[in-house]
Amino acid sequence: MLPFFQQPVVPRLPSGYVLETTAVPTAAALNHLLASCEESTHPEQHWERALESSLWQLSIIEESSGELVGFVRATSDLALNANLWNLSARPGPDQQQLFTVLVHRALHILRRDLPGCSLSVSAPSIAIAALETNGFVIDPGGIRAMGLQLKSPKTSE
């Protein structure tokens, strides 16, 4: 069978969770999730701008508590490139399944809405298994992503 016909089985959310595609989580809920994952948090106004510039976001909510336990958002130039950002899932026994559901659903939406776009993802190393399960190649050809924290130059007085 040809590789592009081999799609991963549609993953199911564990019992007690719901996938939310319309309601936008609060900055506080996003920061709480990121902090629980030992990821960097962001000021509320940064979240507002990020969410406004996103095409969509996916959230996983724990039904019993209403707590945000998984998240990913997408951006794109609507021509050649799409990006997944803030892929996160609360640590615990369901973490890998939450990652797998988020990645699978995100790819389904991108394939449907933006076929042909190249895709990059910003994700923690704990999400690598879910990414590989869904066909991502980690650092193809030795390509590495790099970042630079831009700071204002010091002014001399």
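Reading guide: rules and limits
- Residues numbered from 1 in each chain as written.
- Predicted model: local features only at pLDDT ≥ 70, side-chain atom pairs only at ≥ 80, totals over all residues.
- Heavy atoms only, no water.
- Helix = DSSP H or I, 4+ residues; strand = E, 2+ residues; numbered from the N terminus.
- Contact = heavy atoms within 4.5 Å.
- Areas by Shrake-Rupley, 256 points an atom, 1.4 Å probe, with all protein chains shown as cover.
- Pairing = 2+ DSSP bridges.
- Axes fitted to C-alpha atoms, helices over the stretch in contact; angles between N-to-C directions.
- Buried < 20%, exposed > 50% of the residue type's maximum accessible area, 1.4 Å probe, protein only.
- Parallel < 35°, antiparallel > 145°, perpendicular 65-115°, else oblique.
- Nonpolar A, V, L, I, M, F, W, Y, C, P; charged D, E, K, R; others polar.

Caption draft 1: Spotlight on the overall build of the protein. Secondary structure summary: the protein contains four helices and five strands in total. Ordering the α and β elements of the protein from the N terminus gives β-α-α-β-β-β-α-β-α. For the protein, contacts bridging at least 24 residues in sequence account for 62% of all contacts bridging at least 6. Accessible surface, the protein: about 10200 Å² in total, of which carbon and sulfur atoms supply 55%.

Caption draft 2: Region of the structure containing the sheet that holds strand E1 (residues 17–20). Judged by pairing direction, the sheet is mixed, and its five strands sit side by side in the order E1-E2-E3-E4-E5 without closing on themselves. The open sheet has two edge strands, E1 and strand E5 (118–121), and neither has a second partner. Taken pair by pair, the neighbouring strands of this sheet meet at an average axis angle of 15 degrees, ignoring direction. With four bridges joining them, E1 and strand E2 (residues 56–62) adopt antiparallel strand pairing. Across the sheet, the residue bridging to leucine 19 is isoleucine 60, located in E2. In the packing of helix H2 (residues 44–52) onto the sheet, the strands contacted are E2, strand E3 (68–76) and strand E4 (81–89), and the crossing angle to E3 comes to about 55 degrees. Each of E1, E2, E3, E4 and E5 is contacted by helix H3 (residues 95–113), which is oriented at about 160 degrees to E4, the strand it contacts most.

Caption draft 3: Molecular detail of the environment of proline 14. Tracing the backbone through its elements, the reader meets proline 14 in the segment before E1. A relative accessible area of 17% means that proline 14 is categorised as buried. Separated by 84 residues in the primary sequence, proline 14 and leucine 98 place their C-alpha atoms 8.0 Å from one another. Ignoring sequence-local partners within four residues, the contact set of proline 14 consists of Asp94, Gln97 and Leu98.

Caption draft 4: The packing of helix H1 (residues 27–36) against H2, seen in detail. In contact at an axis separation of 9 Å, H1 and H2 are set at 100 degrees when each is read in the N-to-C sense. The orientation of H1 relative to H2 falls into the category roughly perpendicular. In this structure, H1 contributes Ala27, Leu30, Asn31 and Leu34 to the contact, and H2 contributes Glu44, Trp47 and Leu51. When grouped by side-chain class, the residues that make up the contact of H1 with H2 number five nonpolar, one polar and one charged.

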